[in-house]
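Summary of structural features
Single-letter residue listing:
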Amino acid sequence: MTSAVRGWNRLREHNPLIGFVDACLRGPAQVVFQNNPVSGLLILAALAWGAVEQGQPRVFGGAVLGLVVGTVTALVLRVDLDSWRKGLYGFSPVLTGLAVPTFLDDRPLMWLYLVLGAAATTVVTLALNAVFQTWGLTAFTMPFVLTTWVLLLGAYQFDRFTVLTGTTPKFPGEGPVAGGRFDWDLVPTFLRGVSQVFLINSWVAGLLILAALLLNSRASAAFAVLGTVGATLLALWFGADGASLDKGLYGFNAVLTAIAVGAVLHRPGALVTAYTLFGIALTLFVQVALATVLTPLAVPVLTGPFNIATWLLLLPRRHFGPLPDRARIRETVVSAVKRTIRPYAEER
Amino acid sequence: MTSAVRGWNRLREHNPLIGFVDACLRGPAQVVFQNNPVSGLLILAALAWGAVEQGQPRVFGGAVLGLVVGTVTALVLRVDLDSWRKGLYGFSPVLTGLAVPTFLDDRPLMWLYLVLGAAATTVVTLALNAVFQTWGLTAFTMPFVLTTWVLLLGAYQFDRFTVLTGTTPKFPGEGPVAGGRFDWDLVPTFLRGVSQVFLINSWVAGLLILAALLLNSRASAAFAVLGTVGATLLALWFGADGASLDKGLYGFNAVLTAIAVGAVLHRPGALVTAYTLFGIALTLFVQVALATVLTPLAVPVLTGPFNIATWLLLLPRRHFGPLPDRARIRETVVSAVKRTIRPYAEER
Amino acid sequence: MTSAVRGWNRLREHNPLIGFVDACLRGPAQVVFQNNPVSGLLILAALAWGAVEQGQPRVFGGAVLGLVVGTVTALVLRVDLDSWRKGLYGFSPVLTGLAVPTFLDDRPLMWLYLVLGAAATTVVTLALNAVFQTWGLTAFTMPFVLTTWVLLLGAYQFDRFTVLTGTTPKFPGEGPVAGGRFDWDLVPTFLRGVSQVFLINSWVAGLLILAALLLNSRASAAFAVLGTVGATLLALWFGADGASLDKGLYGFNAVLTAIAVGAVLHRPGALVTAYTLFGIALTLFVQVALATVLTPLAVPVLTGPFNIATWLLLLPRRHFGPLPDRARIRETVVSAVKRTIRPYAEER
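Residues numbered from 1 in each chain as written. Chains lettered and ligands numbered in written order. Predicted model: local features only at pLDDT ≥ 70, side-chain atom pairs only at ≥ 80, totals over all residues. Heavy atoms only, no water.

Section: the overall build of chain A
Counted only if it meets this: Each helix is a run of DSSP H or I of at least 4 residues and each strand a run of E of at least 2, with the numbering of both proceeding from the N terminus. Remark: exposure states derive from per-residue accessible area (1.4 Å probe, protein chains only) relative to the maximum for the residue type, with buried under 20%, exposed over 50%, and partly exposed in between. Throughout, a residue-residue contact means that at least one pair of heavy atoms, one from each residue, lies within 4.5 Å. Exposure was quantified through the Shrake-Rupley algorithm and a 1.4 Å probe, taking into account, for residues, occlusion by the shown protein chains and nothing else.
When helices and strands are counted, chain A shows 16 helices and zero strands. For chain A, with 348 residues in total, the buried portion stands at 58%. A separation of at least 24 residues holds for 73% of the contacts in chain A among residues at least 6 apart in sequence. For chain A, the exposed area adds up to about 14100 Å²; of that, 64% sits on carbon and sulfur atoms.

Structural data, given as structure tokens:
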């Protein structure tokens, strides 16, 4: 631990305001499973860059507002302070704060909607965590997904909002899928797959987010790359829509699954990497299926596919009982083989 | 306890038939969280009035039939008798009994459909209660919602039923939302928001239902009013559909959330009232979102939004651990502050 | 136990390869809740016959491939070997293997899709079993249903797949329902109701599957017949679509519910048979409702309705507490009656 880190940690423990800023900074980093305020700051910089590059600086404002409102709501609701300090009540609201100004038109009421939505995201986080702890899981970013779906779907019924998802409700399969076009200049697409985790379409932002990952965990950065490359190439092979491919929209859910399953929630290893590759494919399939389901409603899948796929990949672990211990497996196999062989031996 | 109540209670304990009538009467009252047969009787009177006013007396017949079938089914399935006596197996079937003749055309087969539906409502109540008790919750009126959705959605596939939901399947956002028009004569709308809890569009019925609430619990009546007024005004502000507003359709889910969260399931207080106001907004958002999701299927949201919002609002409570006790909070805060200050003191 | 059975059991215990074949054979039998490799073999014969009769022999190839891939995946994931030996990790993948070549056009990539889907079915089985064990239930065939929905819905987004569900996305209620036409020649329809459990439209296959049931459990065969006859006649009465009726599409879900609720998961009896008849109606209602929900997406209901209805029918059992014991019920009733009568006696 460098002396700068030690100094900051002393500061945040002594000064409630610095403590609050620290918890807020960890929020964006926790989206990609990192508990590090500097990573969070770097990601906020990436979001600022991306929002300005897209010509929508209000999206960055929404991110900061959502982050602060969600984190404050958690304090008001007296959540567990240890989790709060790790930024675990900031990562879903920051995404809600990014999504609302991205998908609704800019008017004063939108900001009230965003504030209510960010507060609701924290309530939903508490609610879903209570449900998922039954199976040793957490809600991941599903509170952001559910809250944002509710806000966007609800906006259809309000005269004073306009939904800007870039598409209109239609039946799935209407009009042919464009089909992916292989393009040797895929690197920016891969990087946009990383930035789309935060609903940003910018390879520069993707690069900054990768740097934020690298800063805290090399394995996380490596698996993030594996996720965006793997899912994008698979989508390209199967002939997914070219325009969506180009924006990195087939990469971002797999980025999150790959970091979670490959680097954070299992001890890395060969078997875990194989399982992660399978998980990347599963995430892509869940994503395209969910995209079809949502076509008549014209709302985006957000990070729903990552949540669903990762729950499906993690739930069986409980089923395995205690973590696979080599010695124990060998013992089991040997005794099984012995049981298989013994009767022959006895017969003889 | 008046001598009349004492006499009735003695009667219902001694005479199984009176006991059955008592359990049935408590059913409609339990829809609005009241355990009182006189409130139930008053609500039945409200339903009779409303059904006749709407020119659909069969809707009242359906309510009584559903109530009786559901309550008998619970007996046949040997449910817990304590809950049964409180009317907890009557409140969902009475709603199913109201919904089927409201949304399907009048023909003999409809009544068989209603009887099977009311029995199914009781089975679904037992099933969902078993699931929700995992998190210290009950199914509320979701068994009615799910069963009625199944009956209405299923009716599309049967030649011998016609679905009369007043709308046809279409994409959300087709045709502009009319927008609410502010109208100083809002009181009847607020009252219709109360009667719509029972799918009745009548301010007189709403008034009678408020009286039934007042009879048993002033807090419940007050929060019912808060719910219908709050949600209706919020919907008006955001520009919701004027025709639905006028019928009280943006009020009834919030009425139930407000009674549940504000008056029944928490000890009333300032913080709880603030949380209830937030809950009223949450219920409205969930309702308009669900309305969008159901637009391509042309079935109504029923009381689904109340159930979803109230579960979301109640689930975090478990997360808080033991109920917020003032002394304990103060102690926590004081010790936190001390921990924050001490190091400075020690440093000096 | 005949000596042939004894010989086979010794073989499968001693020879891992025979053990694997035995586990695979039990897979198709477990779809209809039978733990018997000969029943499984007979069902595979039925599937081969049906696939050839339909002119789609690749469907049988898909079944075998799915079965093997799913069973191997379970081994790789180190599942509980006792369950594995009973074929409990083969019954969902065999259905996924039948569904993919039935609903997607024949091309090399489809087989890769099938292999990934069969492996995913096993992962989803482990995941859902972990969830449902909370309530003393298992996932039944829902892993097949969810995985196949994901594969079919996802295929809409891929240029290189064509979905062949025989229908296109549309709004429910568009075009009048044809209505069932009563036909004294209903027996083949009933039998197709049995074969449709395996997505096969052939009365000969249905007869073979009934034989496979009869071989292992007379009660299962009887309830399978009750399921297909009951649901088909009810659908006919209510005026369901004639073409679907004829293919046995209203029978197969009820076949599974009837076997599960009537013959396998309860001790058979008069009350259980009454509950099963109710369950058959419930399954039909859930099926037509789900068909309406899926109309805008043009994917089939598969065995989803059986799973949902059977969970709803089984969940309340936990609520009943210990299994209904006659002596205990009599005691409860007698004491209740005594409590009712005593006060009168005392008053006199």
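Some remarks on the confidence of the model for chain A
To keep things clear, this is the line we draw: Values of pLDDT, ranging from 0 to 100, describe the predictor's confidence in every residue of the model.
Taken residue by residue, chain A gives an average pLDDT of 90. The fraction at 70 or more is 88%. Contacts for the low-pLDDT stretch residues 343-348 of chain A, under 50 throughout, to residues beyond four places or in other chains number five contacts.

Considerations on the relation of the copies chain B and chain C
Defined as follows: We place the copies in one frame by least squares, fitting the C-alpha atoms of every residue whose pLDDT is at least 70 in both.
The operation relating chain B to chain C is a screw motion whose rotation component is 120°, with 0.0 Å of axial translation and a residual RMSD of 0.0 Å. The relationship between the two copies is best expressed as a three-fold rotation axis. A distinct binding surface is used by each copy, with only 11% of the interface residues of chain B retained as interface residues in chain C.

Thoughts on the packing of aromatic side chains
Residue and element names in this part refer to chain A. For the record, the criterion: Centres within 6.5 Å make a pair out of two Phe, Tyr or Trp rings, where for Trp the six-membered ring is used; the pair is then stacked when the planes are under 30 degrees apart, edge-to-face when over 60, and tilted otherwise.
Counted by the stated rule, this structure contains 50 aromatic pairs over all chains. For the pair F33 and F306, a centre-to-centre distance of 6.1 Å together with 80° between the ring planes defines the contact as edge-to-face. Of this pair, F33 sits in the loop between α2 (16-31) and α3 (37-53) while F306 is found in helix α15 (residues 304-319), placing the two residues 273 residues apart along the sequence. Under the relative-accessibility criterion, F33 is labelled buried at 18%. Overall, F306 belongs to the buried group, its relative accessible area being 1%.

Things to note about the interface of chain B and chain C
Applied cut-off: Throughout, the accessible surface (probe 1.4 Å) given up by two parts as they are put together, summed over both, is called the buried area. Criterion for a salt bridge: a side-chain nitrogen of Lys or Arg within 4 Å of a carboxyl oxygen of Asp or Glu. Polar contact is the term for a pair of N or O atoms within 3.5 Å; when the atoms are in protein, one must be able to donate a hydrogen and the other to accept it, and sequence-neighboring residues count only if both atoms are side-chain atoms.
Of the residues lining the interface, 37 residues belong to chain B; the matching set on chain C comes to 39 residues. Between chain B and chain C, roughly 3500 Å² of surface is buried when both sides are summed, and carbon and sulfur atoms account for 75% of that area. For the pair chain B and chain C, the interface holds zero salt bridges. Counting every contact that joins chain B to chain C gives seven residue pairs in polar contact (both at pLDDT 80 or more).

Concerning the interface of chain A and chain C
For clarity, the cut-off: Gly is placed with the polar residues, together with every amino acid not listed as nonpolar (Ala, Val, Leu, Ile, Met, Phe, Trp, Tyr, Cys and Pro) or charged (Asp, Glu, Lys and Arg).
Counting from both sides, the interface comprises 40 residues of chain A and, opposite them, 37 residues of chain C. Together, the buried faces of chain A and chain C total about 3500 Å²; carbon and sulfur atoms form 75% of this surface. Counting every contact that joins chain A to chain C gives zero salt bridges. Joining chain A to chain C, the criterion identifies six residue pairs in polar contact (both at pLDDT 80 or more). Those elements giving two or more residues to the side of chain A that touches chain C turn out to be α11 (218-238), α14 (270-294), α15 and α16 (326-347) of chain A. For the side of chain A that touches chain C, the leading source of residues is α14(A), giving twelve residues. Considering only residue class, the side of chain A that touches chain C consists of 30 nonpolar, eight polar and two charged.

Remarks on helix α14 (residues 270-294) of chain C
For the record, the criterion: Working rule for helices: expected span equals 1.5 Å times residues minus one.
Over its 25 residues, α14(C) runs 36 Å from end to end, which matches the ideal 36 Å to within 8%, given 1.5 Å per residue. Summarising burial for α14(C): 18 of the 25 residues are buried, a large majority.

What to know about a nonpolar patch on the surface
All names here are of chain A. As a reminder, the rule being used: Exposure above 30% relative accessible area and the absence of a salt bridge qualify a residue for a patch, where like charges join within 9 Å and nonpolar side chains (Val, Leu, Ile, Met, Phe, Trp, Tyr) within 5 Å.
A surface patch of nonpolar side chains, amounting to about 270 Å² of accessible area, comprises V64, V68, V72 and V76. Within the secondary structure layout, V64 lies in helix α4 (residues 57-76). The exposure class assigned to V64 is partly exposed, which follows from its relative accessible area of 33%.

Comments concerning the side chain of B:T292
Examined against the element boundaries, B:T292 turns out to sit in helix α14 (residues 270-294). A relative accessible area of 0% places B:T292 in the buried class. Here the side chain of B:T292 touches A:L153 through a polar contact of 2.6 Å, landing on its backbone oxygen. In contact with B:T292, other than residues within four places in its own chain, are A:L153, A:G154, A:Y156, A:Q157, A:L297 and B:P172.

Concerning the relation of the copies chain A and chain C
Overlaying chain A on chain C yields an RMSD of 0.0 Å, the required transformation being a rotation through 120° with an accompanying axial translation of 0.0 Å. The overlap is low: 10% of the interface residues of chain A also sit at the interface in chain C, so different surfaces are used on the two sides.

Remarks on the packing of helix α7 (residues 108-132) of chain B against α14(C)
Rules: Lines fitted to C-alpha atoms define the axes, with helix axes restricted to the stretch in contact, and inter-axis angles between N-to-C directions lie between 0 and 180 degrees. An angle counts as roughly parallel when it lies under 35 degrees, as roughly antiparallel when it exceeds 145, as roughly perpendicular when it falls between 65 and 115, and as oblique in every other case.
Look at α7(B) against α14(C): their axes get within 11 Å of each other, and the N-to-C directions meet at 105°. As far as their axial angle goes, α14(C) and α7(B) are roughly perpendicular. Residues B:Y113, B:L116, B:A119, B:A120 and B:V123 of α7(B) pack against C:Y275, C:F278, C:L282 and C:F285 of α14(C). Its residues assigned to classes, the contact of α7(B) with α14(C) comprises nine nonpolar, no polar and no charged.

Description of helix α13 (residues 252-264) of chain A
Residues and elements named next belong to chain A. Compared with the 18 Å implied by 1.5 Å per residue over 13 residues, the 17 Å span of α13 between its first and last C-alpha is a close match. The buried fraction of α13 is high, at twelve of 13 residues. Of the residues making up α13, those classed as buried are F252, N253, A254, V255, L256, T257, A258, I259, A260, V261, G262 and A263.

As for unusual backbone geometry
The phi dihedral of A:L302 is positive, around 50°, even though this residue is not glycine. Mapping A:L302 onto the fold places it in the loop between α14 and α15. For C:F140, which is not a glycine, the phi torsion comes out positive at approximately 50°. Residue position: C:F140 is located in the loop between α7 (108-132) and α8 (142-155). Residue class for C:F140 comes out buried when judged on its relative accessible area of 8%.

A closer look at the pattern of salt bridges
A complete count under the given rule lists 15 salt bridges over all chains for this structure. For C:D22, the salt bridge goes to C:R26, with nearest N and O atoms at 2.5 Å. One end of the pair is C:D22 and the other is C:R26, both in helix α2 (residues 16-31) and four residues apart, which spans about a single turn. Each member of the pair C:D22 and C:R26 is classed as buried. Salt bridges here are not isolated pairs; linked through shared partners, they connect A:R12, A:D22 and A:R26.

Quick look at the environment of B:T122
Residues and elements named next belong to chain B. Positionally, T122 belongs in helix α7. With relative accessibility at 1%, the residue T122 sits in the buried group. Each C-alpha atom, one on T122 and one on T147, is 9.6 Å from the other, the two residues being 25 residues apart in sequence. The residues touching T122, leaving out its near neighbours within four places in the chain, are G70, T73, A74, L77, Y89 and P93.

With respect to the packing of α14(A) against α8(C)
Which entries qualify depends on this criterion: Left-handed describes a crossing whose near helix is turned anticlockwise from the far helix by less than a right angle; the clockwise case is right-handed.
The contact between α14(A) and α8(C) brings their axes to 7 Å, and the two run at 70°. Put simply, α14(A) runs roughly perpendicular to α8(C). Crossing geometry of α14(A) relative to α8(C) is assigned as left-handed. Residues A:F285, A:V286, A:V288, A:A289, A:T292 and A:V293 of α14(A) form the contact with α8(C), whose own contacting residues are C:V150, C:L151, C:L153 and C:G154. In the contact of α14(A) with α8(C), the residues fall into eight nonpolar, two polar and no charged.

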